[in-house]
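Each chain is listed here by its residues.
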Amino acid sequence: MDLVLFKLRDDLDAGSWGLRSVVDKEYKEVPVKEIVGLKIGLHVKVSKVNVPKWQKDLMLLALDQSAEEILGIKNQSTGAVVRIERGLHRFLLVYGMGRHAVDSSSIEAGFGLRVAANLIDPEALRGADTRSIVGSGRSQVISMPSAGSLHRLGIEPTADLVRYLEGKPPEEIGTGIAGGDSLRLTMKSFSYRSLPEKLDEVIAAYDSRDYKAKFPFLDYFARVPRTRGEIHSKLKAKVDEMLLSGGEGVDFMNPDSDRLDSPDRILLKWGRKSRQVHGAISKGAVLETISQWGIPDPMASLHVHAYYEGVENPVKTSLMPYVVTEVELGEGIYAPCAGAWYRIDRDHLADLQERIQRIPDLTDELSLRSWSAGEENEGDYNLDALASDGGHVVLDQSLFYNKGGRNLKVEVCDLLTRRKEMICVKKMPRSSPTLSHLFAQGSVSARLFRDNTQYRNVVLRHLGQLVEAPRVGNLGDWKIVFAIATDRPGRLADSLFFFSKVNLDLAERAIRGAGLGIALAKIDLVKPELIPSSRQAVEGGGAARGRGNDHNENLRLF
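Treat the numbers as computed from the prediction; the structure is a model and nothing was measured.

### Brief notes about helix H6 (residues 195-207)
Its 13 residues place the ends of H6 18 Å apart at the C-alpha level, agreeing with the 18 Å of an ideal helix rising 1.5 Å per residue. What H6 keeps buried is the set Leu 195, Pro 196, Lys 198, Leu 199, Val 202, Ile 203, Ala 205 and Tyr 206. Buried residues along H6 sit in contact with strand E1 (2-7), strand E6 (79-86), strand E7 (89-96), helix H4 (111-119) and strand E12 (183-186).

Here it is as structure tokens:
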């Protein structure tokens, strides 16, 4: 027997039960028996039969389109919601499609996750749902055939927001437990008359702080309460500003909370205007809609209607549950995830900053020239980034093709020096939260250099343009250097965005794990008129171009 339980917010109006208006249309209230210790009510969804949208596809395939087997395909959606009041707490117990009747803004977010985290043995995890709070907001569902530790799940808690945990609770609680916004308890048997005691156990687990020792990463990202209306308004205004200025630093993806399926289709609506989005919601579709309709406040007035298979009415929300970005407000750094704002924990941020500051900085040693903030592209910059130093070769766009064909191509680096520095260059956009591609390039290059003989030979051949008899020698003598152009003041380690620091921290572990060194170098991003007019290399210097007659450019592995 599975119980799926939501807890209503404590500050929710006493007359509200956190149910969507669809309950009034599709559910009927059914009288119930009295249960000692509970105030209880029951809403049952009136069964409605509808034709699945894919029936017409089968008709095109079937020899007889009127065959009983084809016409008889129907969807029948049923569900129920049980209202429960126990002391000062109110709950919604849902069955079937009843979960779609719950208004997500009325529930205690993360209720089930905290209960589960306080009850699960850290060595008895069975699964987790995570969403990266950095970069693109990648989400994943992880399941294991047998109980194990967090390490076996492969979660990276510095970058991933854990939204759901599943595992084995104490025997008196049940045989299984899983929690996100909702709580799912699996029990061998269940009686409504035992529900008051079960709810008391759940509330005790919710109030516990045992998770802080078992799963401390759950506090790395603190959810901003909905009651902090002023902060929410300022954060949304910041996102509006970003969207109206071109959307740099903002992306979109489906919220996919609590293992719900992705919607079948999506409509963007503003007033009476409506536009269907093909496939998943995308940045391009949102920006085009904002521009065409002239929407001044998209975070407040542009709405999303998501249609799910078997659900008659759409789930209506603002853009908020779909937004992925990073916002600095005051001294805090905030990021949205699946409709909620999270503040990065200060201790977590301080620990991360300390690790980033320990990475060697080669800015003064390399003396990379300034980069024009105008139209200068990366390729042009790389040609004379180290114009006064003849001891390097330009490898920008010199690609190594891994086994599997050209779709698995790797860029070694942008600049290679005689000192065995593999320099990866990138300009940091003003409002971009991530440099993940750059750090991934360095990580992949380090691992291939350690593991792949042909890859090392390619790098050594380029190094042979600078030194006689090039050799790998000690892996630790090689360095991956991330050279980043920015107009933000201070050292590079201090001026990176939070998302970028997280990705850099992950890259450092991967690179050092491969046996190579890592370093940073800041490139000053300046106005075009401040760039020296002459960009010619000093006489006798200049860089070798590594891609003109690069025989390894099309190398494949077998």
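### Details of the state of the cysteines
Tallied over the entire structure, the rule returns zero disulfides. In this structure Cys 413 is a free cysteine whose sulfur lies 6.0 Å from that of Cys 424, the closest cysteine sulfur available. Classification of Cys 413 as buried rests on a relative accessible area of 0%.

### Concerning the nonpolar core
Across soluble globular proteins, nonpolar side chains show a tendency to be buried alongside one another. Ranked by size, the top nonpolar core spans 54 residues in total, and within it Leu 416, Trp 478, Phe 482 and Leu 504 carry the most contacts. The residues touching Trp 478, leaving out its near neighbours within four places in the chain, are Leu 416, Lys 420, Met 422, Phe 449, Val 459, Leu 460, Leu 463, Arg 471, Val 472, Leu 516 and Gly 517. In this structure, Leu 42, Ala 128, Ala 205 and Tyr 211 belong to the second largest nonpolar core, which totals 40 residues.

### Remarks on the packing of H4 against H6
Put simply, H4 and H6 touch, their axes get as near as 8 Å, and they point 85 degrees apart. Compared by their axis directions, H4 and H6 come out roughly perpendicular. From H4, Phe 111, Arg 114, Val 115, Asn 118 and Leu 119 reach across to H6, where they touch Val 202, Ala 205 and Tyr 206. Grouping the amino acids of the contact of H4 with H6 by side-chain chemistry returns six nonpolar, one polar and one charged.

### Remarks on unusual backbone geometry
Located in the positive-phi region is Ser 367, a residue other than glycine, with phi close to 50 degrees. With respect to the helices and strands, Ser 367 occurs in the loop between helix H12 (363-366) and strand E23 (371-372). The class of Ser 367 is partly exposed, set by a relative accessible area of 49%. Here Lys 420, not a glycine, exhibits a phi torsion of approximately 70 degrees, which is positive.

### So, the sheet that holds strand E13 (residues 221-223)
A sheet is described by the order of its strands in space; here four strands give the open sequence E13-E22-E21-E20, paired in antiparallel fashion. Strand pairing shows two members of the sheet lacking a second neighbour, E13 and strand E20 (327-329), which therefore form its edges. Strand-to-strand twist of the sheet, defined as the mean angle between neighbouring strand axes without regard to direction, takes the value 40 degrees. Looking at chain direction, strand E21 (residues 332-337) and strand E22 (residues 340-344) are connected through four bridges and run antiparallel.

### What about the pairing of strand E30 (residues 517-526)?
Moving residue by residue along a regular strand, the side chains alternate between the two faces of the sheet. Burial analysis of E30 places nine of its ten residues in the buried class, the great majority of the element. Taken together, the two bridges between E23 and E30 define a ladder with parallel strand orientation. Across the sheet, Trp 371 pairs through a bridge with Leu 525, a residue of E30. Where strand E29 (residues 479-486) meets E30, eight bridges bridge the pair, whose relative direction is parallel. When the sheet's bridge partners are listed, Lys 479 is paired in E30 with Gly 517.

### Observations regarding the packing of aromatic side chains
Taken as a whole and judged by the stated rule, the model has eight aromatic pairs. On the numbers, 4.4 Å between centres and 5 degrees between planes, the contact of Trp 371 with Tyr 381 is stacked. Remark: Tyr 381 occurs in helix H13 (residues 378-383) and Trp 371 occurs in strand E23; sequence separation between them is ten residues. Summarising the burial analysis for this pair, Trp 371 and Tyr 381 share the class buried. An angle of 50 degrees between the planes, with centres 4.6 Å apart, marks the rings of Phe 449 and Trp 478 as tilted. You can see Phe 449 sitting in helix H14 (residues 436-451) and its partner Trp 478 sitting in the loop between helix H15 (453-463) and E29, a full 29 residues away along the chain. According to the relative accessible area criterion, Phe 449 is buried, its value standing at 0%.

### Structural notes on the sheet that holds strand E2 (residues 27-30)
Overall, antiparallel pairing links the ten strands, which are arranged E2-E3-E6-E7-E1-E12-E11-E10-E8-E9 in an open sheet. Of all the strands in the sheet, just E2 and strand E9 (139-148) have a single pairing partner and so form its edges. Averaged over all adjacent pairs, the angle separating strand axes in this sheet is 20 degrees, with direction ignored. Here six bridges tie strand E3 (residues 39-45) to E6, and the two strands are oriented antiparallel to one another. Bridge pairing in E6 places Gly 41 opposite Arg 83. Sitting on the sheet, H4 touches E1, E7, strand E10 (160-167), strand E11 (176-179) and E12, and the angle it makes with E11 is about 140 degrees. Contacts from H6 reach E1, E6, E7 and E12 within the one sheet, and its direction differs from that of E6 by about 75 degrees.

### Here we look at the pattern of salt bridges
In this structure the tally under the stated criterion is 21 salt bridges. Between Arg 86 and Asp 200 there is a salt bridge, with the nearest N and O atoms lying 2.8 Å from each other. Of this pair, Arg 86 sits in strand E6 while Asp 200 is found in helix H6, placing the two residues 114 residues apart along the sequence. For Lys 212, the salt bridge identified is with Asp 219, shortest N-O distance 2.6 Å. By relative accessible area, which is 26% here, Asp 219 ends up partly exposed.

Analysis parameters
Residues numbered from 1 in each chain as written. Predicted model: local features only at pLDDT ≥ 70, side-chain atom pairs only at ≥ 80, totals over all residues. Heavy atoms only, no water. Helix = DSSP H or I, 4+ residues; strand = E, 2+ residues; numbered from the N terminus. Expected span 1.5 Å × (residues − 1). Buried < 20%, exposed > 50% of the residue type's maximum accessible area, 1.4 Å probe, protein only. Contact = heavy atoms within 4.5 Å. Disulfide = S-S within 2.5 Å. Core = buried A, V, L, I, M, F, W, Y, C linked by side-chain atoms within 4.5 Å. Axes fitted to C-alpha atoms, helices over the stretch in contact; angles between N-to-C directions. Parallel < 35°, antiparallel > 145°, perpendicular 65-115°, else oblique. Nonpolar A, V, L, I, M, F, W, Y, C, P; charged D, E, K, R; others polar. Pairing = 2+ DSSP bridges. Phe/Tyr/Trp six-rings, centres within 6.5 Å; stacked < 30°, edge-to-face > 60°. Salt bridge = Lys/Arg side-chain N within 4 Å of Asp/Glu carboxyl O.

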